[in-house]
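Remarks on the overall topology
Chain residues, written in single-letter form:
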Amino acid sequence: MSTRRTLTTAFSRVRRIAAAGAAAGAAGLLAPGAVAAQDFAGEVGFILNTFSALVWAVLVMWMCAGFTMLEAGSVRSKNASMICMKNIGLYSIAGLAYYIIGYSVMYVDVGSLVGSFSSGLFYGPSAEEVALLGDSGSAAAVVEQGSSSKMSQWFFQMVFVATTASIISGALAERIKLWAFFGFTAVLTGLIYPIVGAWTWGEGWLYELGFADFAGSTIVHSTGGWAALAGALVLGPRWGKFRKDGSVKITAPSNIPAVTLGVFILWMGWFAFNGGSQLAMSGVADAVAISNIMVNTNIAAGAGVVTALIFSRPILGRLDLFGTLNGAIAGLVSITAAPDITSPAWALLIGAVGAIVCLAGLRFLEAKKIDDVVGAVPAHLFAGVWGTLAACFSSGATLWVQLVGIGAIGIFVFFVSLGLWLLLSKIMGGIRISRTVEELGQDAAELGIDAYPEFALMVDPDQDDYRDPD
């Protein structure tokens, strides 16, 4: 069974109990009141599942605020307003693209590869739900057609695709054109991510092989990481990031407290990201499972922070705050593939190793002169791959299947994203802002508004020592 099984399957046990109760009542084994109580359990379960999905979705949506704070604080003050513009834009575009086509591709009439491009466009409530709201239907009919409302399912899935787009925003900050980024976001959320989702959670070919990814270490986070890596390669590094002698200039962030607050918001939202992926709240087993999931999520993140504190100096050559904060995110990403494990000790190990993978990834990108402003590729792509593999020994996933899934998704997302970035570059006369705009800052040059107007722009005295971006 898929780790993100359909809610109908998750709730089928409630309907079986209700049916059994009705049968027992018909046989005279239960009093009429007991039969009514058993039937009512179906409505109660439907309400609990729907309400919990909506609450989880709102909390995952709040992660967009976390990404905004993290990115806006990580960039220089002259680009912080543009980060805010990009994040409010990407969330809105993701929601519309996923409504118009994305959900249909991912979940409606999925074959081995993709879902329907036509029968489910502009996804909406079921006929039974519309009839109920029009006073011509019944609650029983609505409960029978699913374990929660259709739009609660859509909403929960939509906020996940917005998370994928947020990963790209931070990696390519300070040098990408706004509309190039928005154009890529529309295709990513409407087609690229949904196709990956159809292969897996939509019960396509990777699901049939047995690929395991409970809440999206690969499906969500590595997908965003691969797309970000392709974009970073096409864009090149920021001007001044790498000196002529090959050394790296540490770019001063504009707001360290905002970065830290952003990580805390993401950490909080991750409880819903992973806990909500249980996709049910209608029984004791669900309550116990969600409790374990949330505790494992917290332990993995904490282990990532402590491990990054210990290893940042040996790996990065400094006690690095950003490395430590990314250690938390790497721990969270790593555990996302299998947070439903019953042993928190595994969560500790997975989160700790994830942080080391992330730190090594930061060092690797610097060595290869790949500019990732917030460390999104190491934290989401590299740690996501690790977490997906870790599911083999923590929750019994099959190694060769996990490798096939990681490889297939990676190849598809990277090369489609690379082609799309190059296509956008050709259409738009380049996807990178001019050097003049980059030096002045996108806030003043493109938006006409400074995030911190009380600070004057300063000329970098070392600018003649920098190597031009490749």
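Values in this document were obtained by computation on a predicted structure and should not be read as measured data.

1. Description of the overall build of the protein chain
Within the protein chain, the regular secondary structure consists of 18 helices and 0 strands. Going through the 470 residues of the protein chain one by one, you find that 54% of them count as buried. Expressed as a percentage of contacts within the protein chain between residues at least 6 apart in sequence, the contacts between residues at least 24 apart total 79%. For the protein chain, the computed accessible surface area is about 18400 Å², with 69% contributed by carbon and sulfur atoms.

2. Here we look at unusual backbone geometry
Phi is positive for Asp135, close to 65°, though the residue is something other than glycine. Within the fold, Asp135 resides in the loop between α5 (127-133) and α6 (139-144). A positive phi is found at Glu174, a non-glycine position, where the angle reads about 75°. Among the structural elements, Glu174 can be located in the loop between α7 (150-171) and α8 (178-199). Classification of Glu174 as buried rests on a relative accessible area of 2%.

3. What about the confidence of the model for the protein chain?
Looking at the protein chain as a whole, its pLDDT mean stands at 88, while 87% of the residues score no less than 70. Every residue in residues 5-40 is under pLDDT 50, and counting partners more than four places away or in other chains gives 46 contacts.

4. Let's talk about the packing of aromatic side chains
What the rule picks out here adds up to 20 aromatic pairs. With a centroid separation of 5.1 Å and an interplanar angle of 85°, the aromatic rings of Phe414 and Phe415 are classed as edge-to-face. For Phe415, a relative accessible area of 52% puts it in the exposed group. Here the aromatic cluster, defined as three or more aromatic residues joined through ring pairs, consists of Tyr98, Tyr99, Tyr103, Tyr107, Phe122, Tyr123 and Trp154. A cation over an aromatic ring shows up here: Lys86 above the ring of Phe181, its NZ or CZ 4.8 Å from the ring centre.

5. Overview of the side chain of Ser222
Tracing the sequence through the fold places Ser222 in helix α10 (residues 217-235). In this structure Ser222 touches Ser217, His380, Leu381, Gly384 and Val385, once residues within four positions along its chain are discounted.

6. Focus on α10
With 19 residues, α10 extends 26 Å between its outermost C-alpha atoms, agreeing within 8% with the 27 Å of an ideal straight helix rising 1.5 Å per residue. Counting buried positions along α10 yields 16 of 19 residues, so the element is predominantly enclosed. Positive backbone phi, approximately 85°, marks Gly236, located one or two places after α10.

7. Structural notes on the pattern of salt bridges
In total, this model carries 7 salt bridges according to the counting rule given. Glu174 is paired through a salt bridge with Arg238; the nearest N and O atoms lie 2.5 Å apart. Of this pair, Glu174 sits in the loop between α7 and α8 while Arg238 sits in the loop between α10 and α11 (256-275), and the two are 64 residues apart along the sequence. The pair Glu174 / Arg238 is uniform in exposure class, with both members buried. With a closest N to O distance of 3.6 Å, Arg318 and Glu366 form a salt bridge. Of the two residues, Arg318 is situated in the loop between α12 (284-316) and α13 (321-335) and Glu366 in helix α14 (residues 344-367); the sequence distance between them amounts to 48 residues. By relative accessible area, which is 25% here, Arg318 ends up partly exposed. Connected through shared salt-bridge partners, Arg76, Glu174, Arg238 and Asp371 make up one network.

8. What to know about the side chain of Arg175
Checked against the element boundaries, Arg175 lands in the loop between α7 and α8. Asp371 provides the closest opposite charge to the buried, unpaired Arg175, separated from it by 4.2 Å. Polar contacts involving the side chain of Arg175 include one to the main-chain carbonyl oxygen of Gly236, which spans 2.8 Å. In terms of polar contacts, Arg175 uses its side chain to reach the backbone carbonyl oxygen of Asp371, at 2.6 Å. Residue contacts for Arg175: discarding those within four places in its chain leaves Ala232, Leu235, Gly236, Pro237, Arg238, Asp371, Val373, Ile431, Arg432, Ile433, Glu438 and Gln442.

9. Structural notes on the environment of Val437
Looking at where Val437 falls in the secondary structure, it is placed in helix α17 (residues 435-440). Using a relative accessible area of 16% as the deciding quantity, one classes Val437 as buried. C-alpha separation for the pair Val437 and Arg175, spaced 262 residues apart in sequence, amounts to 8.7 Å. Setting aside residues up to four positions removed in sequence, Val437 forms contacts with Gln442, Ala445 and Glu446.

10. A look at the environment of Ser395
Take Ser395: it is sitting in the loop between α15 (376-394) and α16 (399-427). For the pair Ser395 and Pro339, spaced 56 residues apart in sequence, the C-alpha separation works out to 9.1 Å. Once residues lying within four places of it in the same chain are set aside, the contact partners of Ser395 are Ala338 and Ile341. A polar side-chain atom of Ser395 sits 3.0 Å from the main-chain carbonyl oxygen of Ala391.

Reading the values: rules and limits
- Residues numbered from 1 in each chain as written.
- Predicted model: local features only at pLDDT ≥ 70, side-chain atom pairs only at ≥ 80, totals over all residues.
- Heavy atoms only, no water.
- Helix = DSSP H or I, 4+ residues; strand = E, 2+ residues; numbered from the N terminus.
- Buried < 20%, exposed > 50% of the residue type's maximum accessible area, 1.4 Å probe, protein only.
- Contact = heavy atoms within 4.5 Å.
- Areas by Shrake-Rupley, 256 points an atom, 1.4 Å probe, with all protein chains shown as cover.
- pLDDT = per-residue confidence, 0-100.
- Phe/Tyr/Trp six-rings, centres within 6.5 Å; stacked < 30°, edge-to-face > 60°.
- Lys NZ or Arg CZ within 6 Å of the ring centre and 35° of its normal.
- Expected span 1.5 Å × (residues − 1).
- Salt bridge = Lys/Arg side-chain N within 4 Å of Asp/Glu carboxyl O.
- Lys, Arg positive; Asp, Glu negative; His and termini not counted.
- Polar contact = N/O pair within 3.5 Å; in protein donor to acceptor, adjacent residues only side chain to side chain.

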